[in-house]
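The residues making up each chain are set out below.
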Amino acid sequence: MAKLPRWADLALVPLISLVLAALVSAIVLVLIGQSPMQALSVMVDGALGSASGWGYTLYYATSFIFTGLGVTIAFHAGLFNIGGEGQAQLGGLGVALACLFLPWPHWTVALVGASLAAALFGAAWAAIPAWLQAKRGSHIVITTIMFNYIAAALLIYILGEILRPVGSMDPASARFPAELGLPHFHEMPILRDFFLKYGPDGAVKLSAQGLPVYSRVPANITFFLSLIAAFGVWVLLWHTRLGYEMRAFGKQEKAARYAGISAFKIIMVAMLLSGALSGLMAINNVMGQAERLLQNSAEGAGFIGIAVALMGRNHPLGVVLAAVLFGFLYQGGAALGLNTSIPIELRTVVQGLVILFTGALDYMVRIMLTWVFSLRQTERAA
Amino acid sequence: MDYATLLQILDSTIRLGTPLLLACLAGLYSERSGIFDIGLEGKMLAAAMASGAVAALTGNVWLGLLAGIAASMIFALIHGLASITFRGNQLISGVALNFVASGITVLIAQSLFGQGGRTPPLEGAARFNPITLPFAEQVQGVPVIGPLYYEVISGHPILAYIAFLAVPVTWWLLYRTRFGLRLRAVGENPAAVDTAGISVTGLRYAAVAITGLLCGIAGAYMATALQAGFGREMTAGRGYIALAALIFAKWRPWQALMATMLFGLFQALALRPDVIEGIAGIKIPSAALDALPYVLTVLALAGFVGKATPPRAGGEPYVKER
């Protein structure tokens, strides 16, 4: 097969995959008697049409950046980590334990401490599958799937029997101390001006105390942390010896071993980092938004990380862009559920289709593209 | 624990183990041919929705079963297309199809019935009802064996007996027929099969289609026999438990029967915390029982309970040499 130009491989393949996924979703919508165009406009309006829509879109995107980076780093070492969901839930447990049982003087210190706890717990949950892969050759995909279910069962037990406050019926932890709340976009200087509420006359809405009123959004300071994490992953993968070793191992395991790269070290490091990144998403949803640990706290973000990594072609910049796209899909899907008779599950369908086209049928897309490019070349030659 | 309670638990073991057994055997065909399938869950879910919906619309459970099989086959064929024809990543394809199934079943059920993604409750001829095996009532009075036959072995829907029958059939097909030999060979060394002039692609598509068929029956059992209708996410991870059972059974049919019944027993016990407390003397959280199949599978994979080695060519697309 002829080689595609680099730009086509990097940008066109994911883009066409996305278009195909959208096309199939549109057909599904038509088949169930809905209008795809109306669905799209409701989604765009709900997710991008207002500052508060963006506040939700970026909140979801933050979680997806972390889990997407987690999948990416493992992918580069040739490992497919499906366990992001469980690792994110364990990360949530780490955040909850840190916030509930340690005395923090200020939220900034707590943020550092809780981040460490989240990364540590997420990494710990990835450590066992990693060790089993490195030492005993157990397939990482299967073990990480199993660990997702074990994590779910563990959290049901911990939340129901241990962390649940006395007298509460909810299977959830107690609320974290209020002073540990992370600043949201509508609470940050400068940024908050985007979230001002306006009255019907176009003037800024004022509270009874004469202070401006802001729309409350869940997007918080963690968003900036996720961008720093993306930059860090880029530096690690392409500008350090360890990153080089990881990529070499992922490309050609035998050659890497022959070059003296330790398989055990690479598998462990890649999976621990992957688990730590997935765990870190808990800062966003558990500490930043819910402010207590709920059951199923990750809400599937661990799995969306797979779609985000594939769509973003396993590059941190691509991951950030794809995460915003999926944030749009998530918030837009929620708007669909609220404002139309289209069930919110449409976003699961789109998510599945994106994974299918970018991850499993990419060869088909490449064949199509190569064909188009070769046509163009023969035209030129003629 | 008295004898009656034991019988009750064994009865629910078979009831809950049947869909696991069907899905596990389904996965066995695909994986033995070298196509990993973590999409058992999605295929079951699609089949459950299709069979529940068609049974509700027509009132005929057999049409429902056919629709379920058809839905599952479509998913199986897409998986085949992605992993055999387009040499895609089989694991990613399976994950993707699980998501598609999870969403699309709710979308379709909601647009057909408008009941929050459920199908209307099924009754009468729209369900597979328990059948009483011959002489079950006559021998009920015989001590020990009589109640065992009446309570545990008799009184399941026809699909459960099909599932149990599928075990020896699978064994025979796999180890005593030419097709079975080739199927096992294509999962271990496709190049050798190709050299012998047999189509790798054809064999693998056949295996994937059988996987679709059996997952279809499993899904139909969920919606029309175990429960009276489809509900969102009703398979609740059973496809993954079946996958776990398949690994635990090391990809062999009789062991698959035992593994799925063991995992069915865990599910049955999780429903009866009083019984476990009676036996163990301490309160064991039901979450621990839920996690047990997965923990056991990890131990099996790690080689602590006998080494589980997958078919050698599993997960690798076959590229013909030119």
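Computed from a prediction, not measured in an experiment: that's the story for all the values here.

Peer 1: What should I look at first to understand the overall build of chain A in this one?
Peer 2: Each helix and strand in chain A was counted, giving 14 helices and zero strands. Secondary structure elements of chain A occur, N-terminal to C-terminal, as α-α-α-α-α-α-α-α-α-α-α-α-α-α. Computed over C-alpha atoms, the radius of gyration of chain A comes to 22 Å, within 12% of the 21 Å expected from 2.2 N^0.38 for 382 residues, which places it in the range of a compact globule. Summarising its shape, the C-alpha atoms of chain A cover approximately 75 × 55 × 40 Å along the three principal directions. In chain A, which comprises 382 residues, the share counted as buried stands at 52%.

Peer 1: What is the right way to look at the overall build of chain B in this model?
Peer 2: Per the secondary structure count, chain B includes 13 helices and zero strands. Going residue by residue from the N terminus, the α and β elements of chain B occur as α-α-α-α-α-α-α-α-α-α-α-α-α. Expected size for 322 residues packed as a compact globule is a radius of gyration near 20 Å; at 20 Å, chain B falls within 12% of this value. If you line up chain B on its principal axes, its C-alpha atoms span 70 × 50 × 40 Å. Per-residue burial over chain B gives 54% buried out of 322 residues. Here the analysis covers contacts within chain B between residues at least 6 apart in sequence; of these, 77% occur between residues at least 24 apart.

Peer 1: Mind showing me how you'd approach the packing of helix 2 (residues 36–48) of chain A against helix 12 (residues 316–339) of chain A here?
Peer 2: A pair of packed helices is characterised by two quantities: the angle between their axes and the separation of those axes. All names here are of chain A. Two numbers describe how helix 2 lies on helix 12: the axes approach to 7 Å, and their chain directions differ by 115°. When the interaxial angle is binned, helix 2 and helix 12 end up roughly perpendicular. Of the two elements, helix 2 crosses helix 12, and the hand of that crossing is right-handed. Facing helix 2, whose interface residues are Ala 39, Val 42, Met 43, Val 44, Asp 45, Gly 46, Ala 47 and Leu 48, helix 12 presents Phe 328, Gln 331, Gly 332, Gly 333, Ala 334, Ala 335, Leu 336 and Asn 339.

Peer 1: Which parts of the structure should I look at to understand the UniProt feature "transmembrane region" (unreviewed entry) in chain B?
Peer 2: Residue and element names in this part refer to chain B. Those places that UniProt annotates as "transmembrane region" (unreviewed entry) correspond, in this numbering, to residues 65–84, 91–113, 158–175, 205–228 and 240–266. Helix makes up 100% of residues 158–175 and strand makes up 0%, while its end C-alpha atoms are separated by 26 Å. The span residues 205–228 shows a helical share of 92% and a strand share of 0%, and its end C-alpha atoms are spaced 33 Å apart.

Peer 1: Which parts of the structure should I look at to understand the environment of B:Leu173?
Peer 2: By secondary structure assignment, the location of B:Leu173 is in helix 6 (residues 158–176). Look past the residues within four positions of B:Leu173 in its chain and what remains in contact with it is B:Phe179 and B:Gly180.

Peer 1: Got a minute to help me understand the interface of chain B and chain A in this structure?
Peer 2: For interface size, the figure often reported is the accessible area lost on association. Contact with chain B, which involves 38 residues of that partner, is made by 37 residues of chain A. Counting only elements with at least two residues in the side of chain B that touches chain A, the list comes to helix 4 (90–113), helix 10 (238–248) and helix 13 (286–301) of chain B. Ranked by the residues each element gives to the side of chain B that touches chain A, the list is headed by helix 4 of chain B, at 16 residues. Looking at the side of chain B that touches chain A residue by residue, the class counts come to 25 nonpolar, eleven polar and two charged.

Peer 1: Just to check I follow, could you spell out the packing of helix 2 (residues 40–58) of chain B against helix 9 (residues 200–226) of chain B for this structure?
Peer 2: All names here are of chain B. Between helix 2 and helix 9, the least distance of the axes is 7 Å, while the angle of their chain directions is 55°. Taken together, the axis directions place helix 2 and helix 9 in an arrangement best described as oblique. Every pair of crossing elements has a handedness; the one defined by helix 2 and helix 9 is right-handed. Only Gly 212, Cys 215, Gly 216, Ala 218, Gly 219, Ala 220, Met 222, Ala 223 and Thr 224 of helix 9 make contact with helix 2, whose side of the interface consists of Leu 40, Lys 43, Met 44, Leu 45, Ala 46, Ala 47, Ala 48, Ser 51, Gly 52 and Ala 55. In terms of residue class, the contact of helix 2 with helix 9 is built from twelve nonpolar, six polar and one charged.

Peer 1: For this particular structure, what's the right way to read the environment of B:Asp274?
Peer 2: Residues and elements named next belong to chain B. Its place among the elements puts Asp 274 in helix 12 (residues 273–280). Under the C-beta neighbour-count criterion, Asp 274 is labelled exposed, with 8 such atoms within 10 Å. Placed 37 residues apart in sequence, Asp 274 and Gly 237 show a C-alpha to C-alpha distance of 25 Å.

Peer 1: I'm lost on unusual backbone geometry in this one. Help?
Peer 2: What you tend to see is this: most non-glycine residues have negative phi, and most peptide bonds are trans. In this structure, A:Glu291 takes a positive phi of about 55° despite not being glycine. The residue A:Glu291 is located in the loop between helix 10 (263–290) and helix 11 (301–311) in this model. With a phi angle near 60°, B:Trp251 is a residue other than glycine that sits in the positive phi range. Mapped onto the elements of the fold, B:Trp251 is located in the loop between helix 10 and helix 11 (253–270). Classification of B:Trp251 by C-beta neighbours within 10 Å gives buried; the count is 22.

Peer 1: Quick question: what am I supposed to make of the environment of A:Phe80 here?
Peer 2: As for its position among the elements, A:Phe80 is in the loop between helix 3 (51–76) and helix 4 (84–101). For the pair A:Phe80 and A:His139, spaced 59 residues apart in sequence, the C-alpha to C-alpha distance is 9.6 Å. For A:Phe80, the contacting residues outside a window of four places in its chain are A:Ala74, A:Phe75, A:Ile140, A:Val141 and B:Leu91.

Peer 1: Can you help me understand helix 4 of chain B in this one?
Peer 2: Helical geometry note: an α-helix holds 3.6 residues per turn, so side chains three or four residues apart project in the same direction. End to end, helix 4 of chain B covers 34 Å across 24 residues, agreeing with the expected 34 Å (1.5 Å per residue, within 8%). Of all the 24 residues making up helix 4 of chain B, 20 are buried; the element is thus mostly covered by neighbouring parts of the structure.

What counts, and at which threshold
Residues numbered from 1 in each chain as written. Chains lettered and ligands numbered in written order. Predicted model: local features only at pLDDT ≥ 70, side-chain atom pairs only at ≥ 80, totals over all residues. Helix = DSSP H or I, 4+ residues; strand = E, 2+ residues; numbered from the N terminus. Rg over C-alpha atoms; globule rule 2.2 N^0.38 Å. Buried ≥ 20, exposed ≤ 12 C-beta atoms within 10 Å, placed from the backbone. Contact = placed C-beta atoms within 7 Å. Axes fitted to C-alpha atoms, helices over the stretch in contact; angles between N-to-C directions. Parallel < 35°, antiparallel > 145°, perpendicular 65-115°, else oblique. Left-handed = near helix turned anticlockwise from the far one by under 90°. UniProt positions renumbered as here; feature names shortened; annotations may be inferred. Nonpolar A, V, L, I, M, F, W, Y, C, P; charged D, E, K, R; others polar. Expected span 1.5 Å × (residues − 1).

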